[in-house]
Structure formats: structure tokens, C-alpha cells
Amino acid sequence: MISTNVGENLKPLSVVASGGEASRITLALNVVFNEIYDIDLAIFDEVDSGVSGKVARSMGKKMKELSNNYQTITISHLPQVLSFSKNFYYIGKEVVNGKTRSYVKTLSENERVIEIAKILSGSDNPSNSFMDNARELLEE
């Protein structure tokens, strides 16, 4: 049961929470349980689903703060969240000898800018303005 707005009665989470609210609640619960149970690892698998803009930036900051206390692994498609990461990995798929395989690649600083620009632009060939925007996100 939860109330997400002042003055609202408690209602079942499944009725009240939108995708974005469910993501923020999941993040909050993760923080609380990690503290209560002294857990040294937090894995956020698209916990930022359903949020964007200012809220995504706020969640990214919070996850960065959490990484000061314990190991944090975050899977995200939001540049506002990704820009806070210390280490950046690209997870991809490729076909080798007729079979699909997954791979993980550690990205350099320049590759990191390119990947964030790709996400921002929705293109494999982002323009200079998207590249500049990606650099700006990473510098903040």
C-alpha cells in the first residue's frame, strides 16, 4: 500500500504507480534494503524505466551517490543516467558462424561520448550537435 501524493489515501501499489513511479519506488526500496541488510552490491536493471529528463538525471545522481557506499551495476538506456557512470560498458550481439553471441566491451572516453550521442539522436551516425550534447552531459 502506498500514497504517492500528499493528501491521498493508501492504495495498492499496482493501482497507484505509473511506470515512472514504480521505477522510483524500486530505487528507494533498494536503497533502504541495502542499508538494513548491509548489502555491498546494487544491481539496477533498467530501474529508470518510464522516467525521463529531470527525474532521470535525479535518479542517475542518486545511483552515483550509492556507488560511493557499495558496488553498483546499472543497466540503462537513458543518457541522463549513463552520464554518471564511472566505467562504461557496451553490451552487444553479433552473429558468428551462424550463431548469435553476446559480448561486453569496455568503452574509452571517446567511445562513451559516441554511444551517448547515438542514444540521444537515435542514429548510428549522430551529428556534431548530439556529440556536443553528449560531452556536456558527461562533463556535468
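Preceding this paragraph is the structure being described.
Since this is a predicted model, take the numbers as computed values, not measurements. (Residues numbered from 1 in each chain as written. Predicted model: local features only at pLDDT ≥ 70, side-chain atom pairs only at ≥ 80, totals over all residues. Heavy atoms only, no water.)

A. Spatial organisation of the packing of helix α5 (residues 109-121) against helix α6 (residues 128-139). Where α5 contacts α6, the two axes come as close as 8 Å, and the packing angle between them is 115°. In the crossing of α5 with α6, the sense of the turn from one axis to the other is right-handed. Side by side, α5 and α6 meet where R112, V113, I114, I116, A117, L120 and S121 of the first sit next to F130, M131, N133, A134, R135, L137 and L138 of the second. Of the residues in the contact of α5 with α6, the class split is 10 nonpolar, two polar and two charged. (Axes fitted to C-alpha atoms, helices over the stretch in contact; angles between N-to-C directions. Helix = DSSP H or I, 4+ residues; strand = E, 2+ residues; numbered from the N terminus. Left-handed = near helix turned anticlockwise from the far one by under 90°. Contact = heavy atoms within 4.5 Å. Nonpolar A, V, L, I, M, F, W, Y, C, P; charged D, E, K, R; others polar.)

B. Highlighting the pairing of strand β4 (residues 99-106). Counting buried residues along β4, only zero of its eight residues qualify, which leaves the element largely exposed. With eight bridges joining them, strand β3 (residues 89-96) and β4 adopt antiparallel strand pairing. Looking at the pairing, G92 lines up with Y103 of β4. Counted along the chain from β3 to the antiparallel partner β4, the turn is two residues long, and its residue N97 has a positive phi close to 50°. (Buried < 20%, exposed > 50% of the residue type's maximum accessible area, 1.4 Å probe, protein only. Pairing = 2+ DSSP bridges.)

C. Here's a closer look at α5. With 13 residues, α5 should cover 18 Å at 1.5 Å per step; its first-to-last C-alpha distance of 18 Å lies within 8% of that length. When we look at burial in α5, the residues that qualify are R112, V113, E115, I116 and A117. If you follow the buried residues of α5, they end up packed against α4 (79-82), β3 and α6. A positive backbone phi angle near 75° is found at G122, which sits one or two residues after α5. (Expected span 1.5 Å × (residues − 1).)

D. Seen up close, the nonpolar core. Grouped together as the largest cluster of nonpolar side chains are 13 residues, with contacts concentrated most on L27, F44, V47, M59, M63 and L66. Contributing elements (two or more residues each) for this core: α2 (19-36), β1 (41-45) and α3 (53-66). Of all the elements, α3 adds the most residues to this core, at four residues. L82, A117, M131 and L137 belong to the second-largest nonpolar core, a separate cluster that totals nine residues. (Core = buried A, V, L, I, M, F, W, Y, C linked by side-chain atoms within 4.5 Å.)

E. Looking closely at the packing of aromatic side chains. Applying the stated criterion across every chain, the model contains two aromatic pairs. Pairing F33 with Y37 gives two aromatic rings, centres 6.2 Å apart and planes at 35°, and the pair type is tilted. Judged by relative accessible area, which is 59%, Y37 ranks as exposed. Ring centres 6.3 Å apart and planes at 40° place the aromatic pair Y90 and Y103 in the tilted group. Remark: Y103 occurs in strand β4 and Y90 occurs in strand β3; sequence separation between them is 13 residues. (Phe/Tyr/Trp six-rings, centres within 6.5 Å; stacked < 30°, edge-to-face > 60°.)

F. Focus on the pairing of β1. Covered by surrounding structure in β1 are A42 and F44 only, the residues L41, I43 and D45 on the alternate face being uncovered. As paired elements, β1 and strand β2 (residues 71-75) share five bridges and run parallel to each other. Residue pairing in the sheet places L41 in a bridge with Q71 of β2. As for the winding sense of the linkage, the β-α-β connection from β1 through α3 to β2 is right-handed. (Right-handed = clockwise from strand over helix to strand, strands pointing away.)

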